[in-house]
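Chain by chain, the residues:
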Amino acid sequence: MLLVYTGDGKGKTSACVGQAVRAAGRGLPVAFVQFMKADVQAGEQKVLAGLQGVVLHIGGCGFFLNEKERAQHREAAQRTLAWAEEHLDGLFMLILDEALYALGLGLIERPELENLLEQAGQRQVHLVLSGRGLPGWLEERADLVTEMKEIRHPWRKGVTAQPGIEF
């Protein structure tokens, strides 16, 4: 199955973490891949790294701030995608957290992601993707799409990111 968590609201990564916990709790092997986040020990990274049955790969460079960094971010995204392809065998679930961000920024391209989707399907590995900007072609292909919608967010009042809430 292909599950997608998208939208402009909070909760996409949290939903992915929940899927990982649910599968790992059943003794099913999971790979959790982060495309955009750096290894800064965000709360979910600390928990996932210690969770039995979950392999965590943090492949990003952090926030994509400007075009001068594009090559560095593209290279990191390509390494992350290659890592995911190399680790499909034996998995129950592969989670590609922030893959839609990477796709929307052109750090990974549609044919590259489609190739991974095909490989996962051939191996009967469930895929979970998250991020903003779900393209129509991927929405059509997905078995489940959940959209997180922002109603209110504290950053609009000037509240900075809070440990345990945003990271």
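One can find the structure itself at the top, above this paragraph.
Below: a short report on this structure. (Residues numbered from 1 in each chain as written. Predicted model: local features only at pLDDT ≥ 70, side-chain atom pairs only at ≥ 80, totals over all residues. Heavy atoms only, no water.)

1. Side note on the pattern of salt bridges
The final tally for this structure, using the stated rule, is eleven salt bridges. Here D97 makes a salt bridge to K37, at a shortest N to O gap of 3.9 Å. Taken as a pair, D97 in strand 4 (residues 93–97) and K37 in the loop between strand 2 (30–34) and helix 2 (43–49) lie far apart in primary sequence, 60 residues in all. For D97, a relative accessible area of 0% translates into the label buried. The residue E150 makes a salt bridge to R156 at a minimum N-O spacing of 2.6 Å. Residue E150 is classed as buried on the basis of its relative accessible area, which comes to 17%. The exposure class of R156 is exposed, given its relative accessible area of 57%. (Salt bridge = Lys/Arg side-chain N within 4 Å of Asp/Glu carboxyl O. Helix = DSSP H or I, 4+ residues; strand = E, 2+ residues; numbered from the N terminus. Buried < 20%, exposed > 50% of the residue type's maximum accessible area, 1.4 Å probe, protein only.)

2. A short note on helix 1 (residues 12–25)
Compared with an ideal rise of 1.5 Å per residue, which puts 14 residues at 20 Å, helix 1 spans 20 Å between its outermost C-alpha atoms and is within 8% of the ideal. Buried residues of helix 1: K12, T13, A15, C16, V17, Q19, A20, A23 and A24, and no others. (Expected span 1.5 Å × (residues − 1).)

3. As for the nonpolar core
Ranked by internal contacts, the top residues of the largest apolar core, which has 32 residues, are L2, F35, L94, L96, L127, L129 and L138. Elements supplying a minimum of two residues to this core: strand 1 (2–7), strand 2, helix 3 (70–86), strand 4, helix 4 (99–104), helix 5 (110–122), strand 5 (126–130) and helix 6 (136–141). Dropping the residues within four chain positions of it, F35 is found in contact with G59, G60, A77, T80, L81, L96, D97, E98, A99, A102 and I108. Membership of the second largest hydrophobic core comes to 16 residues, among which are A15, V17, A24 and F32. (Core = buried A, V, L, I, M, F, W, Y, C linked by side-chain atoms within 4.5 Å. Contact = heavy atoms within 4.5 Å.)

4. Re a negative patch on the surface
A cluster of acidic residues, D8, E139, E140 and E147, forms a negative patch at the surface. Tracing the backbone shows E147 in strand 6 (residues 144–148). Accessibility expressed as a relative area gives 60% for E147, which makes it exposed. (Patch = residues over 30% accessible without salt bridge, like charges linked within 9 Å, V, L, I, M, F, W, Y side chains within 5 Å. Areas by Shrake-Rupley, 256 points an atom, 1.4 Å probe, with all protein chains shown as cover. Lys, Arg positive; Asp, Glu negative; His and termini not counted. Charge placed at Lys NZ, Arg CZ, Asp CG, Glu CD.)

5. Structural notes on the pairing of strand 2
Where burial is concerned, most of strand 2 is hidden: five out of the five residues are buried. Burial along strand 2 is two-sided: V30, F32 and Q34 facing one way and A31 and V33 facing the other are all buried. Of the pairings in the sheet, the one linking strand 2 to strand 3 (residues 54–58) comprises five bridges and is parallel in character. Of the residues in strand 3, the one forming a bridge with F32 is L56. Two elements, strand 2 and strand 4, share five bridges in a ladder whose sense is parallel. Paired with F32 across the two strands is I95, which belongs to strand 4. (Pairing = 2+ DSSP bridges.)

6. Considerations on the sheet that holds strand 1
Strand order in the open sheet formed by six strands is 3-2-4-5-1-6, and the pairing between neighbours is parallel. Strands at the two margins of the open sheet, each flanked by one partner only, are strand 3 and strand 6. Each strand axis lies, on average, 10 degrees off the axis of its neighbour in the sheet, ignoring direction. (Axes fitted to C-alpha atoms, helices over the stretch in contact; angles between N-to-C directions.)

7. Concerning the environment of E166
Examined against the element boundaries, E166 turns out to sit in the segment after strand 6. Given the relative accessible area of 29%, E166 is considered partly exposed. In this structure, the C-alpha to C-alpha distance between E166 and G43, residues 123 residues apart in sequence, is 8.8 Å. In this structure the side chain of E166 is engaged in a polar contact, spanning 2.7 Å, whose partner is the backbone nitrogen of Q162. (Polar contact = N/O pair within 3.5 Å; in protein donor to acceptor, adjacent residues only side chain to side chain.)

Worth remembering: the numbers are spatial, not functional.
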